[in-house]
Number of protein chains: 2
Amino acid sequence: MIGKFYGIGVGPGDPELITIKAVKILEKIDIVICPKSKKESKSVALSIAEGYLNKKAEILKLEFPMTYDEEKLNITWERNSKIILDLLGKGKNIAFLTIGDPMVYSTYMYLLPFLKKKDINIETIPGITSFCASANKVNIPLASQEETLSIIPLRKNISEFEKVVDDYDNLIVMKPSTEHKRLAEILEDRNLEDKFVLVSKCGTNEENISYDIDDLKNKKVPYLSTLIIKKGGI
Amino acid sequence: MIGKFYGIGVGPGDPELITIKAVKILEKIDIVICPKSKKESKSVALSIAEGYLNKKAEILKLEFPMTYDEEKLNITWERNSKIILDLLGKGKNIAFLTIGDPMVYSTYMYLLPFLKKKDINIETIPGITSFCASANKVNIPLASQEETLSIIPLRKNISEFEKVVDDYDNLIVMKPSTEHKRLAEILEDRNLEDKFVLVSKCGTNEENISYDIDDLKNKKVPYLSTLIIKKGGI
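**Structural notes on the relation of the copies chain B and chain A**
Turning one copy of the chain about an axis and sliding it along that axis gives the other copy, so a rotation and a shift relate them.
Argument step 1. In screw terms, the move from chain B to chain A is a rotation of 180° and a rise of 0.0 Å along the axis, fitting with an RMSD of 0.0 Å. Such a turn and shift between the copies fits a two-fold axis.
Argument step 2. Here 100% of the interface residues in chain B have copies in chain A that are interface residues too; the copies meet face to matching face.

Next up, the structure:
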């Protein structure tokens, strides 16, 4: 019999912010797949989930390149999907781990199209996103009543953010690290320098929370950070 | 000793989509507060959480009016906050339940400002949002790579949605029920009639999933629905 494939969101970092459904799957799964960039020494998703794994579960680390090059990524994930299909064919049930939620800016999305083309049973389990975890940590609503909310992922360019910053009540900037100085300037230009909170490595031992525009402008912002902007006030 | 106050996101509907952290709190809590509109016969949040409650926990239902009238809401929630402060003063630990995530369009946000003014220990536990649950259910990414994502809550008017629909790669419309016909027309006008999925009552026995523009236009859309629009295709 062909195995079942699970995509599992393990949440933002705190191992207790995983769902009961995810834990029940991990307690009886055959193989756990952890995506891992070549730079990482250890999979963050695995460190969150490992306390829930049954002792017989095999751990399979699948490497992927840290690049935005679509072609390289496609080659890697097509190869990875073949490894997965082969294991499913052997009757193994497989869980693919992803930090946060599988449907919000995750590595799972690179893999999913290759699996959806095949006739396999896929179940994806949602996880707590980093932005929800961050907002709950500081007791600050992301959006209430009729407020609009915009989520902008930053890469090297910041033009998308500048285009919409004036249209929204509340904004979440994902991965603000590369453009933190420019983000601080944009907030200052709009008198929003005290209308934000920056949460880094939420729920981990290295968690840091700052409401200070000088931190955003001048300090190093870790990769796993979330910037929440609320024009109505923090 | 003054009790501790927990805001708890119980997730979108499926009782297994609650976090381990929330369950651990419910297993030892003194009082559970369920917000309940006057129209509801039973609290949805309570029905999700009740399997995890310890037997000694008291259940306290706090009613609130189904209105957008700020003044009426403030009067109600100030009164409710006083009930909570009184119980905390008696040393009770209290959990306030909310569907989905406490920081995303929840009733908890009405209460939170009144509690934050007082010197009490507040811990808020994030929950799986309805939009994450919906996207995972249908295996459709909400946003990948550098795509932008906009979240628009609908009330009686649809102008906010029309203002931003052209600026975003992906959009989530929360509570689309009141304006479902107009939403369908806007999608048709932009040739987006096959670029959406409508998920209603996700994770419950009454769950319904539709990709059909005629359903959106002509059928009754339940209150607990999420419309996901992806211009790059579903």
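**What to know about the interface of chain B and chain A**
Argument step 1. In this complex, chain B contributes 54 residues to the contact, which on the side of chain A involves 54 residues.
Argument step 2. For the pair chain B and chain A, the summed buried surface comes to about 4,600 Å²; carbon and sulfur atoms form 58% of the total.
Argument step 3. The three residues of chain B that bury the most area against chain A are Asn136, Asn139 and Gln145 of chain B, which together make up 15% of that side's buried surface.
Argument step 4. Lysine 21 of chain A is paired through a salt bridge with glutamate 16 of chain B; the nearest N and O atoms lie 3.8 Å apart.
Argument step 5. Here chain B is connected to chain A by 28 residue pairs in polar contact (both at pLDDT 80 or more).
Argument step 6. Of the residues belonging to the side of chain B that touches chain A, the class tally is 31 nonpolar, ten polar and 13 charged.
Argument step 7. Strand direction decides the pairing type here: strand β6 (residues 149-153) of chain A and strand β6 (residues 149-153) of chain B, joined by three bridges, are antiparallel. Opposite leucine 149 of chain A, over in β6 of chain B, you have isoleucine 151 of chain B as the bridge partner.

**What to know about the sheet that holds strand β9 (residues 208-210) of chain A**
Argument step 1. Strands sit in the order β9(A)-β8(A)-β10(A)-β7(A)-β6(A)-β6(B)-β7(B)-β10(B)-β8(B)-β9(B) across an open sheet of ten strands; the sheet is mixed. One side of each edge strand has no neighbouring strand; the edge strands of this open sheet are β9 of chain A together with β9 (208-210) of chain B. The mean angle between the axes of side-by-side strands here comes to 15°, regardless of whether they run parallel or antiparallel.
Argument step 2. Sheet topology note: the strand β7 (residues 170-174) of chain B/strand β10 (residues 225-230) of chain B ladder contains five bridges and is antiparallel. Bridge pairing in β10 of chain B places isoleucine 172 of chain B opposite isoleucine 228 of chain B.
Argument step 3. Contacts from helix α5 (residues 130-137) of chain B reach β6, β7, β8 (196-200), β9 and β10 of chain B, with the element oriented near 65° to β10 of chain B.

**Section: the confidence of the model for chain A**
Argument step 1. Across chain A, the average pLDDT comes to 92, with 100% of residues at or above 70.
Argument step 2. Reported for the predicted complex are a pTM of 0.94 and an ipTM of 0.94.

**Examining the sheet that holds strand β5 (residues 122-125) of chain A**
Residue and element names in this part refer to chain A.
Argument step 1. With parallel pairing, the five strands of this open sheet are ordered in space as β3-β2-β4-β1-β5. Strand pairing shows two members of the sheet lacking a second neighbour, β3 (58-64) and β5, which therefore form its edges. Along the sheet, successive strands turn relative to each other by an average axial angle of 25°, direction set aside.
Argument step 2. Alignment of strand β1 (residues 5-9) against strand β4 (residues 94-98), held across five bridges, turns out to be parallel. Looking at β4, one finds that phenylalanine 5 is bridged to isoleucine 94.
Argument step 3. Across the face of the sheet, helix α3 (residues 70-89) comes into contact with β1, β2 (31-37), β3 and β4 while running at roughly 160° to β3.
Argument step 4. Across the sheet, helix α4 (residues 108-116) touches β1, β4 and β5, and the angle it forms with β5 is around 160°.

**Remarks on the pattern of salt bridges**
Argument step 1. Under the definition given, this model contains 28 salt bridges over all chains.
Argument step 2. One salt bridge connects arginine 190 of chain A with aspartate 166 of chain A, and the closest N-O pair in it is separated by 2.8 Å. Taken as a pair, arginine 190 of chain A in the loop between α7 (180-189) and β8 (196-200) and aspartate 166 of chain A in the loop between α6 (159-164) and β7 (170-174) lie far apart in primary sequence, 24 residues in all.
Argument step 3. According to the relative accessible area criterion, arginine 190 of chain A is partly exposed, its value standing at 27%.
Argument step 4. The shortest N-O distance in the salt bridge between lysine 217 of chain B and glutamate 188 of chain B comes to 2.8 Å. With lysine 217 of chain B in helix α8 (residues 213-218) and glutamate 188 of chain B in helix α7 (residues 180-189), this pair connects stretches of sequence that are 29 residues apart.
Argument step 5. Residue classification places lysine 217 of chain B among the partly exposed positions, given a relative accessible area of 21%.
Argument step 6. The class of glutamate 188 of chain B is partly exposed, set by a relative accessible area of 29%.
Argument step 7. By sharing partners, the salt bridges in this structure join Asp14 and Glu16 of chain A together with Lys21 and Lys24 of chain B into a single network.

What counts, and at which threshold
Residues numbered from 1 in each chain as written. Chains lettered and ligands numbered in written order. Predicted model: local features only at pLDDT ≥ 70, side-chain atom pairs only at ≥ 80, totals over all residues. Heavy atoms only, no water. Least-squares fit on C-alpha atoms with pLDDT ≥ 70 in both. Contact = heavy atoms within 4.5 Å. Buried area = accessible area lost by both parts, 1.4 Å probe. Salt bridge = Lys/Arg side-chain N within 4 Å of Asp/Glu carboxyl O. Polar contact = N/O pair within 3.5 Å; in protein donor to acceptor, adjacent residues only side chain to side chain. Nonpolar A, V, L, I, M, F, W, Y, C, P; charged D, E, K, R; others polar. Pairing = 2+ DSSP bridges. Helix = DSSP H or I, 4+ residues; strand = E, 2+ residues; numbered from the N terminus. Axes fitted to C-alpha atoms, helices over the stretch in contact; angles between N-to-C directions. pLDDT = per-residue confidence, 0-100. Buried < 20%, exposed > 50% of the residue type's maximum accessible area, 1.4 Å probe, protein only.

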